[in-house]
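# Architecture and fold: a report
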Amino acid sequence: MENDNTQQTIVKEYRFIQTTDSIVDSVIDKFVERATFGKQKYNTDLDRSDLSLEDWLEHSIQEKLDDILYMQKALTTIREQKL
């Protein structure tokens, strides 16, 4: 029999969220999926403490720049399809 100190128990925490409408529910699901993906890919989460506030802001700026590129690509594609 293993000693209690060597046993590892994995506990998943769950919370219950009131359903609202399909849009809000789908966004909440995406947040959870994104957080799970990030934890698996980078082996860390937003509770990390190794980044400064400046680092967090820089990450946010980079994400927004990517988003602008995606929106511009989508807009360009829509406009080209109208021609």
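Residues numbered from 1 in each chain as written. Predicted model: local features only at pLDDT ≥ 70, side-chain atom pairs only at ≥ 80, totals over all residues. Heavy atoms only, no water.

### Let's talk about the pattern of salt bridges
- In the structure shown here, the tally under the stated rule is two salt bridges.
- Of the charged contacts in the structure, one is a salt bridge between Asp 45 and Lys 39, with a shortest N-O distance of 3.5 Å.
- Relative accessible area serves as the criterion here: at 31%, Asp 45 is assigned to the partly exposed category.
- For Asp 50, the salt bridge identified is with Arg 48, shortest N-O distance 2.7 Å.
- Residue classification places Asp 50 among the exposed residues on the basis of a relative accessible area of 53%. (Salt bridge = Lys/Arg side-chain N within 4 Å of Asp/Glu carboxyl O. Buried < 20%, exposed > 50% of the residue type's maximum accessible area, 1.4 Å probe, protein only.)

### Some words on the layout of surface pockets
- Estimates place the volume of the largest pocket at around 1600 Å³.
- Contributing to the lining of the largest pocket are 30 residues, with Phe 31, Arg 34, Ala 35, Thr 36 and Leu 46 lying nearest its centre.
- In terms of residue count, helix α1 (residues 22–42) provides more of the lining of the largest pocket than any other element does, 13 residues in total.
- Class assignment for the residues of the lining of the largest pocket results in 11 nonpolar, seven polar and 12 charged. (1 Å grid on protein atoms, 1.4 Å probe; cavity = no way out; pocket = protein on both sides within 12 Å on 5 of 7 lines; lining within 4 Å. Points joined across faces, edges and corners; volume = space filled by probe spheres on them. Helix = DSSP H or I, 4+ residues; strand = E, 2+ residues; numbered from the N terminus. Nonpolar A, V, L, I, M, F, W, Y, C, P; charged D, E, K, R; others polar.)

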